[in-house]
Structure formats: C-alpha cells, structure tokens
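# Summary of the model geometry
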Amino acid sequence: QVQLVESGGGLVQAGGSLRLSCAASGRTFSSYAMGWFRQAPGKEREFVAAISSSHSTDYADSVKGRFTISRDNAKNTVYLQMNRLNSEDTAVYYCAAKIAPWVERLGESYDYWGQGTQVTVSS
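Presented here is an overview of the structure given in this document. (Residues numbered from 1 in each chain as written. Predicted model: local features only at pLDDT ≥ 70, side-chain atom pairs only at ≥ 80, totals over all residues. Heavy atoms only, no water.)

With that settled, consider the environment of T68. Turning to its location among the elements, T68 is positioned in strand β7 (residues 67–72). Residue T68 is classed as partly exposed on the basis of its relative accessible area, which comes to 40%. Taking C-alpha positions, T68 is 7.9 Å from A49, a pair spaced 19 residues apart along the chain. Each residue touching T68, except ones within four places of it in the same chain, is listed here: Y59, Y79, L80 and Q81. (Helix = DSSP H or I, 4+ residues; strand = E, 2+ residues; numbered from the N terminus. Buried < 20%, exposed > 50% of the residue type's maximum accessible area, 1.4 Å probe, protein only. Contact = heavy atoms within 4.5 Å.)

Turning next to the pairing of strand β8 (residues 77–82). With five of its six residues buried, β8 lies for the most part within the structure. Bridge count for strand β3 (residues 18–24) against β8 is six bridges, and the pairing is antiparallel. The partner of A23 across the bridge, within β8, is T77. Examined bridge by bridge, β7 and β8 share six bridges and lie antiparallel to one another. Looking across to β8, one finds that T68 is bridged to Q81. Hairpin remark: β7 followed by β8, antiparallel, with four residues in the connecting loop; positive phi at N76, about 50°. (Pairing = 2+ DSSP bridges.)

A separate point is the sheet that holds β3. Spatial strand order, β1-β3-β8-β7: four strands in an open sheet with antiparallel pairing. The sheet is open, and its two edges are formed by β1 (4–7) and β7, each paired on a single side. The average undirected angle you get between the axes of adjacent strands in this sheet is 15°. Where β1 lies against β3, four bridges are found, and the strand directions are antiparallel. Opposite E6, over in β3, you have C22 as the bridge partner. (Axes fitted to C-alpha atoms, helices over the stretch in contact; angles between N-to-C directions.)

In this structure the tally under the stated criterion is five aromatic pairs. Judged by centre distance (5.1 Å) and plane angle (80°), the ring pair of F37 and Y110 falls under edge-to-face. Residue F37 is located in strand β4 (residues 33–39), and its partner Y110 is located in the loop between β9 (91–98) and β10 (112–113); the two are separated by 73 residues in the primary sequence. Of the two residues, F37 and Y110, both sit in the buried class. (Phe/Tyr/Trp six-rings, centres within 6.5 Å; stacked < 30°, edge-to-face > 60°.)

We now examine the state of the cysteines. Within this structure, the stated rule accounts for one disulfide. Covalent S-S linkage joins C22 and C95, the inter-sulfur distance amounting to 2.1 Å. Here the disulfide of C22 and C95 is left-handed, its torsion about the S-S bond being about -75°. One end of the pair, C22, is in strand β3; the other, C95, is in strand β9, and 73 residues separate them in sequence. Of the two residues examined, C22 and C95, each falls in the buried class. (Disulfide = S-S within 2.5 Å.)

Moving on, we come to the side chain of R71. For R71, the position within the fold is in strand β7. Of the buried charged residues, R71 lacks a salt bridge, with D72 as the closest side chain of opposite charge at 8.5 Å. Within the structure, the side chain of R71 is placed 2.7 Å from the backbone oxygen of Y32, a separation counted as a polar contact. Engagement of the side chain of R71 in a polar contact is seen with the backbone oxygen of S52, the distance being 3.0 Å. Beyond its immediate stretch of four places on either side in the chain, R71 contacts F29, S30, Y32, A33, M34, I51, S52, S53, H55, T77 and V78. (Lys, Arg positive; Asp, Glu negative; His and termini not counted. Salt bridge = Lys/Arg side-chain N within 4 Å of Asp/Glu carboxyl O. Polar contact = N/O pair within 3.5 Å; in protein donor to acceptor, adjacent residues only side chain to side chain.)

That is the geometry; function is a separate question.
So this is what it looks like as structure tokens:
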C-alpha cells in the first residue's frame, strides 16, 4: 500500500508560481511512475503531467512550457513546479502513483491517489 500526501497548494495571483509536493510512503517509490492530475469545479479530472521511474516526462498541452514535474527518490517525493499561472489552472490537484514504471495520461492506469490540494489563481 502506498500513501500519498500533497502539499503546497494555495492562493496565488495570475502570473505567479507555486510548487506542489507529493510525499509517498513505501520503499518502492523509485520504481513507480508518478502523475499529477487536476479537477476544476464542474469539470472532469484531467491529466497534467507524469514522470516515469527513469525520469521521462509527459505534459498536457495546456501546461507545457509552464509546469515542470520532477522527483527526488531519496526523499520519496514528486514535485510540480507551476509558473505563469492563470485562472484556468484553478483546481484541486491530485498526485497519483502507478506501479508500472512508464508514463500514462489515463487516470485509470494509476493505482494510488492522494487527497488533493487546492490551487486557486486570482485574476
């Protein structure tokens, strides 16, 4: 069983930055692929970014060039650096872990989920 705890959300002005963190339990973190998803009010959950066990990355078109996903296996933590935030980035952001090591955009492919952290961008 893997537990994921997100942190770093909050209120930020448009154009600002935030860094989300997701701390994972378990001794096999380095072998998992990790992903970030988000869900805005009244919308379906959507893929944001993912990183494989070998540090390959994938991004949604809407965040490419603004967001960066990274991982620190020594700390069992994955990060999402978010720059140039805009109101469309307002959502609850979820961290997810996938036993299979390659990146995936489908949420159904992920085995474990965090509780989410709210990101609100004011214009």
